[in-house]
Amino acid sequence: MRVALLCDVDQTVYHVGDEAIATMSAARLEARGVEVVRISRHEKYGPGGTAPAASIPALTFPWPLEDRARYLGEIRRVLAGDRGALPAEDKLFGIIEQLRAVDALVIGGGGSLTSRYGWLLDERLATALVARALGKPVVLTGQSLGPELTDADRESVGELLDLCTLVGLRDAGSARRARALRPGHPALVHTADDATGIGLAEGSAAPDPELLSVTLGGDGEPFPREDYVAVVCAVIEQLVERTGARVELVPHMADPDVGGGDLALHAEVAERLRVPSTVLPIEPDTVSAARTTAAAWVITTRFHPVVFGAAAGSSVLALPLNRYGASRMDGALRTAGLAGGAVPLAALWDPRTGGASDLVGPVAEALVAGREAETAALAGRRPRLLGAVEDWWDRVVRSLDGTVPEDLEDPRGAGIEPVQRWEPALRAQLAPWTRTVGSAGSAAGAAAAGPSAAIILRTRDRPRLLDRAVQDVLAQTRQDWELVIVDDAGDAAAVDALAARYAAEADGRVRVIHRARSTGMEAASNHGLRESTAAAVVLHDDDDTWHPTFLQETLAHLDAHPEQDAVVVRTLIVHEHETPTGFVEDEIFPSWPELEGVRLLDYLAVNRHVPIAMLHRRSVHEIVGPYDESLPVVGDYAFHLELLQHGEVGFLDRPLAQWRQRPTAVGAGSNSMYALAGGHRHYDAVLAERHLQRWTAEHGLGLPMFLSRTTETLVGRSEERILEELRALREEVLRLERTLERRDPVRLAAGAARRARRAARRALDGGRRRLPSRRER
């Protein structure tokens, strides 16, 4: 049998994990008598590598969302018989002919079935569509699915699952999501990662107790780079202090010719470390994996060192950076029998100092204390883990003729029952950051402590936006929140279905309130306030988003500043438009970039921030009251004015909130500032009139009248000056036109145009200088 194997290989940037998946998948297929033809990117072939003797080029999808959708649609048209849908030179036609010569397609493992890498998802779907159009069976193995999925990508994943005879998902969360998408699929199986076992030599010695292998992703997002380096250095130093181990920095992702990626980050870490370390070059997957499996201690923010080290019996400190990493790393450790074993890097980061938190020491101590028992347990489970992987590939080969094996059972990874890795005291300390991992112990700890922040999410008939907003909350580095979704008289069934989609991951932290009749956004906010309990509160409209560290940084700020009632963050305005396959960002720029703090003076003329940008203490409502329900669409502005009159509000000059606007949208998908512009103007005037009436009732009309007359005079004079400048500009333009008529228009057109533009700029600049500022008006 001849099989095409699709993995992410032969890329410009060498990725040890992706190459290891391909290496082990090919080896296991070949060991069972299958001839493997690799599908290759044909960009580079790794450190010291050469092009494969026989291969099929991989489809190359563009990154932009609209271009991805267009190319996938064109491929569908070609497969439906319209060969003119793509140029004759498109690589698709050659790929079709080469796939015609194989018996089946195996899509190898990896983390590609996620909107984070949507172009790779489309590549896999398109390749499977080609194979099925040719009558070839398709097997999908060792994949992570999600957790980040748009509605369009969710449909694509579902279609891909339908095309596959057999599907292997490498963690419990991925298997759960696959079954939710296709509950009737006959062969969805929870397996181990396809690279499991690489780097393990038969009869090899136990990992070296004096060796610490460190692999750090070159991109530390969502953390500031300096903070990322500071935290990982502190973790390494704490472990070396307790073990005396020598440090090897083993990169997993870099260009073998020009470096960058992990190599650049490792060089920064080595320079900052206060202990000796060796920075290794990027090496072939088998060599790199062997370095990890040789070490008794492993620290990593990348996924595959977790797989390599756990199989070898190493003590692996997995430090996921985000929701995506946490799902995969915790899944790999659970497959090896360790529940709740990943420690999010956010738990070890103190945003107030930009360095390590007080939890670094306890985590390092726990890792060392549990080393002996953990090593023995992992060694005892290894035969079962490796046996489960071999059993899986037996099933894969039996399904290559297009039939589901009759003896198919779900081994739930390797069938190893996981045990809690950390003691209850440490689990309780980690609980605010580990709810997303989904271990029962961490969930219990977080529940006992109660939520730190109440997130009130207002929505009405915008399921696509609501889906994005809920995932935005799930992606927060702080996980000790409660989310109250207030459905403001919209489609209740759609909101309930969405909440159910994320119920397992949310683990009881999400509640839905259905309002039978809408009485305004402020009424919805107050309803959410009444139904929540946390000491800190934030409004999260369904169309806005956060940076993943928003809650962690704002909660830390309020903890450090008990004198402040709230904190506002720097906000980015994101202009976007909706397409059939998702939202496309058109422009990003800062909102009120000149602001350096939150002061009442700045808010008198106009509201300076939107709800998504502020976390406030619930106790302020006892002083200023709830949101004013008599002021639709400007109730948040009224609340901000009351808040600033009664207390101090802090400011974080970090762009942690995104105010998303769709200027061209109409209907349910529009923004209130555009769709309800008239309402904003009316209730802004109502709000100003109330405050003016309150002032004049106590102080009389004198000062307001004086300010009004003075402002009117200034504006009138400014208008006169602007008109004078415009007249002068018109005269200069006419003079230039007459000059052009007398001379060669072609030769002098460019210069005259430049002079005209300069004249226009002078006039406009003069007008701006003479216009009163917002504060003067």
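The residue numbers shown here count from 1 along each chain, following its written sequence. The predicted origin of the model limits local features to residues at a pLDDT of at least 70 and limits the giving and counting of side-chain atom pairs to 80 or more, whereas totals for whole chains, interfaces and linings rest on all residues. Derived side-chain values reflect all non-hydrogen atoms in the structure, with water molecules and hydrogen atoms excluded from consideration.

Asks: An account of the pattern of salt bridges is requested, with residue identities and associated values reported.
Replies: In what follows, salt bridge is the name for a side-chain nitrogen of Lys or Arg lying within 4 Å of a carboxyl oxygen of Asp or Glu. All told, the structure shown has 51 salt bridges when counted by the stated rule. Asp255 is the salt-bridge partner of Lys44, the closest N and O atoms lying 2.8 Å from each other. Within this pair, whereas Lys44 is found in the loop between strand S3 (35-40) and strand S4 (55-57), its partner Asp255 is found in the loop between strand S12 (253-254) and helix H8 (261-272), the two being separated by 211 residues in sequence. Where salt bridges share partners, they join Arg462, Arg468, Asp542, Asp543, Glu576, Glu585, Arg660 and Arg662 into one cluster. Helix and strand assignments come from DSSP, with helices taken as H or I runs of at least 4 residues and strands as E runs of at least 2, each series counted from the N terminus.

Asks: For the pairing of S3, give the residues involved together with the corresponding values.
Replies: Any two strands with at least two DSSP-identified bridges between them are counted as paired. As judged from the five bridges shared by strand S1 (residues 2-6) and S3, these two strands associate in the parallel manner. Residue pairing in the sheet places Leu6 in a bridge with Ile39 of S3. Note: S3 against S4, three bridges, orientation parallel. In the sheet register, Arg38 faces S4, and the bridge partner there is Ser55.

Asks: Residues and numbers for the nonpolar core, please.
Replies: Across soluble globular proteins, nonpolar side chains show a tendency to be buried alongside one another. In this description, a nonpolar core means a group of buried Ala, Val, Leu, Ile, Met, Phe, Trp, Tyr and Cys residues linked to one another through side-chain atoms lying within 4.5 Å. Burial classification: accessible surface area is computed with a 1.4 Å probe over protein chains only, and a residue below 20% of its type maximum counts as buried, one above 50% as exposed, and the rest as partly exposed. Core analysis: the biggest nonpolar cluster contains 63 residues, and Ile455, Val470, Leu483, Trp546, Leu551 and Leu615 have the highest contact counts within it. Residues count as neighbours in contact if any of their non-hydrogen atoms are within 4.5 Å of one another. In contact with Leu483, other than residues within four places in its own chain, are Ile455, Leu457, Val470, Val473, Arg509, Val510 and Arg511. Core analysis: the second largest hydrophobic core is formed by 53 residues, Leu5, Val36, Val396 and Ala414 among them.

Asks: An account of the pairing of strand S20 (residues 453-459) is requested, with residue identities and associated values reported.
Replies: Of all seven residues in S20, seven are buried; the element is thus mostly enclosed. The alternating pattern of S20 places Ala453, Ile455, Leu457 and Thr459 and Ala454, Ile456 and Arg458 on opposite faces, both of which are buried. Here S20 runs beside strand S21 (residues 481-488); their pairing, made up of seven bridges, is parallel. Paired with Thr459 across the bridge in S21 is Asp487. Since S20 and S21 lie parallel, the crossover through helix H16 (residues 463-474) that links them has a hand, and here it is right-handed. Direction of pairing for S20 relative to strand S23 (residues 536-539): parallel, over a ladder of four bridges. By the bridge assignment for S23, Ile456 is matched with Leu539. For crossovers, right-handed means that the path from the first strand over the helix to the second runs clockwise, given strands pointing away from the viewer.

Asks: Can you lay out the packing of aromatic side chains for me, pointing to particular residues and giving the numbers?
Replies: Note on ring pairs: Phe, Tyr and Trp rings are taken, using the six-membered ring of Trp, and paired if centres are within 6.5 Å. Classes follow the plane angle, with under 30 degrees stacked, over 60 edge-to-face and the rest tilted. By the definition in use, this model includes seven aromatic pairs. Summarising the aromatic geometry, the rings of Trp63 and Trp119 are spaced 4.5 Å apart at their centres and angled 20° between planes, so their arrangement reads as stacked. With a gap of 56 residues between them, Trp63 in the loop between S4 and helix H2 (65-79) and Trp119 in helix H4 (residues 118-133) connect regions that are remote in the sequence. You can call Trp63 exposed: its relative accessible area is 59%. Among the aromatic residues, ring-to-ring pairing joins Trp63, Tyr117, Trp119 and Tyr324 into one connected group. For a Lys NZ or an Arg CZ to count as sitting over a ring, it must be within 6 Å of the ring centre and within 35 degrees of the ring normal. The ring of Phe583 is capped by Arg464, whose NZ or CZ atom sits 5.9 Å from the centre of that ring. We note Arg608 situated over the ring of Trp592; from NZ or CZ to the ring centre the distance is 4.1 Å.

Asks: Give a detailed account of the side chain of Gln564, specifying residues and quantitative values.
Replies: Within the element layout of this structure, Gln564 appears in strand S25 (residues 564-579). Any pair of N or O atoms that falls within 3.5 Å is considered a polar contact. Within protein, one atom must be able to donate a hydrogen and the other to accept it, and sequence-neighbouring residues count only if both atoms are side-chain atoms. Within the structure, Gln564 has its side chain in polar contact with the side chain of Glu648 (distance 3.3 Å). Not counting residues up to four positions away in its chain, the partners in contact with Gln564 are His557, Leu558, Arg617, Glu648, Val649 and Gly650.

Asks: Outline the confidence of the model for the chain, supporting the account with residue identities and numerical values.
Replies: Summarising the model, the chain shows a mean pLDDT of 91, and 93% of its residues fall at 70 or more. What pLDDT conveys is the predictor's confidence in a given residue, as a value from 0 to 100. Confidence drops under pLDDT 50 across residues 436-447; counting only partners more than four residues distant or on other chains, this segment forms 25 contacts.

Asks: Quick one: what's the story with helix H19 (residues 521-530), residue by residue and with numbers?
Replies: Counted residue by residue, H19 has eight buried out of ten residues, so it is predominantly covered. Considered for burial, the residues of H19 that qualify are Glu522, Ala523, Ala524, Ser525, Asn526, His527, Gly528 and Leu529. Where H19 is buried, its residues meet S20, S21, strand S22 (510-515), S23, helix H22 (621-624) and helix H23 (635-646).

Asks: An account of the packing of H2 against H4 is requested, with residue identities and associated values reported.
Replies: Any two packed helices are characterised by the angle at which their axes cross and by the distance between the axes. Interhelical geometry of H2 versus H4 gives an angle of 0° and a closest axis separation of 11 Å. Classed by the angle they form, the pair H2 and H4 counts as roughly parallel. Between H2 and H4, the residues in contact are Arg68, Leu72, Ile75, Arg76 and Leu79 and Gly118, Trp119, Asp122, Leu125, Ala126, Leu129, Val130 and Ala133, respectively. For the contact of H2 with H4, the per-class residue count stands at nine nonpolar, one polar and three charged. Whenever a helix is involved, its axis is fitted only over the stretch in contact; in every case the axis is a line through C-alpha atoms, and angles between N-to-C directions fall within 0 to 180 degrees. An angle counts as roughly parallel when it lies under 35 degrees, as roughly antiparallel when it exceeds 145, as roughly perpendicular when it falls between 65 and 115, and as oblique in every other case. Each residue is assigned to one class: nonpolar for Ala, Val, Leu, Ile, Met, Phe, Trp, Tyr, Cys and Pro, charged for Asp, Glu, Lys and Arg, and polar for all the others, Gly among them.

Asks: So, the side chain of Asp153: which residues are in play, and what are the values?
Replies: Mapped onto the fold, Asp153 is located in helix H5 (residues 151-163). Of the polar contacts made by the side chain of Asp153, one reaches the side chain of Ser115; its length is 2.6 Å.

Asks: Could you give an account of helix H3 (residues 91-100), naming the residues involved and the relevant values?
Replies: Listing the buried residues of H3 in full gives Leu92, Phe93, Ile95, Ile96 and Leu99. Down the axis of H3, the smallest arc covering the buried residues is 160°, so these residues share one side. Tucked into the core, H3 has its buried residues touching S1, S4, H2 and H4. For H3, the capping residue at the N-terminal end is Asp90, with a side-chain oxygen 2.9 Å from the backbone nitrogen of Leu92. It is the directions from the helix axis to the C-beta atoms whose arc is reported.

Asks: I'd love a proper account of a nonpolar patch on the surface, names of residues and values included.
Replies: Patch rule: a residue counts if its relative accessible area is over 30% and it has no salt bridge; like charges are joined within 9 Å, and nonpolar side chains (Val, Leu, Ile, Met, Phe, Trp, Tyr) within 5 Å. Here the Shrake-Rupley method, with its probe set to 1.4 Å, supplies the accessible areas, and only the displayed protein chains count as covering residues. Side chains of Leu692, Trp695, Leu703, Phe706 and Leu707 sit close together on the surface and give an oily, nonpolar patch of about 490 Å² of accessible area. Only helix H25 (677-699) and helix H26 (702-742) provide two or more residues apiece to the nonpolar patch. In terms of residue count, the dominant contributor to the nonpolar patch is H26 (three residues). Following the sequence through the fold, Leu707 ends up in helix H26. Note on Leu707: relative accessible area 46%, which makes it partly exposed.

Asks: Tell me what's going on with the sheet that holds strand S13 (residues 277-279), and back it up with residues and numbers.
Replies: Read across the open sheet, the five strands follow the order S13-S11-S10-S14-S15; overall the sheet is parallel. The open sheet terminates on both sides in strands that have one partner only, identified here as S13 and strand S15 (315-318). Strand-to-strand twist of the sheet, defined as the mean angle between neighbouring strand axes without regard to direction, takes the value 20°. Lying on the sheet, helix H7 (residues 225-243) is in contact with strand S10 (208-215), strand S11 (246-249), strand S14 (295-300) and S15; it crosses S14 at an angle near 165°. Where helix H10 (residues 304-312) meets the sheet, it contacts S10, S14 and S15, and its direction lies at approximately 160° from that of S15.

Asks: Outline the environment of Leu113, supporting the account with residue identities and numerical values.
Replies: You can see Leu113 is positioned in strand S6 (residues 110-113). Owing to a relative accessible area of 0%, Leu113 belongs among the buried residues under this scheme. Note: C-alpha distance between Leu113 and Ala295 (182 residues apart in sequence) is 31 Å. Contacts of Leu113, omitting those with residues within four sequence positions, involve Leu121, Arg124, Leu140, Gln143, Ser144, Leu145, Gly146, Leu149, Val157 and Leu160.

Asks: Tell me about unusual backbone geometry, residues and numbers included.
Replies: The general pattern is negative phi for most residues beyond glycine and trans for most peptide bonds. With omega at 0°, the peptide bond leading from Gly146 into Pro147 counts as cis. Along the chain, Pro147 turns up in the loop between strand S7 (138-145) and H5. Residue Glu221 is joined to Pro222 through a cis peptide bond whose omega torsion reads 15°. Within the secondary structure layout, Pro222 lies in the loop between S10 and H7. Even without being a glycine, Asp10 presents a positive backbone phi close to 60°.

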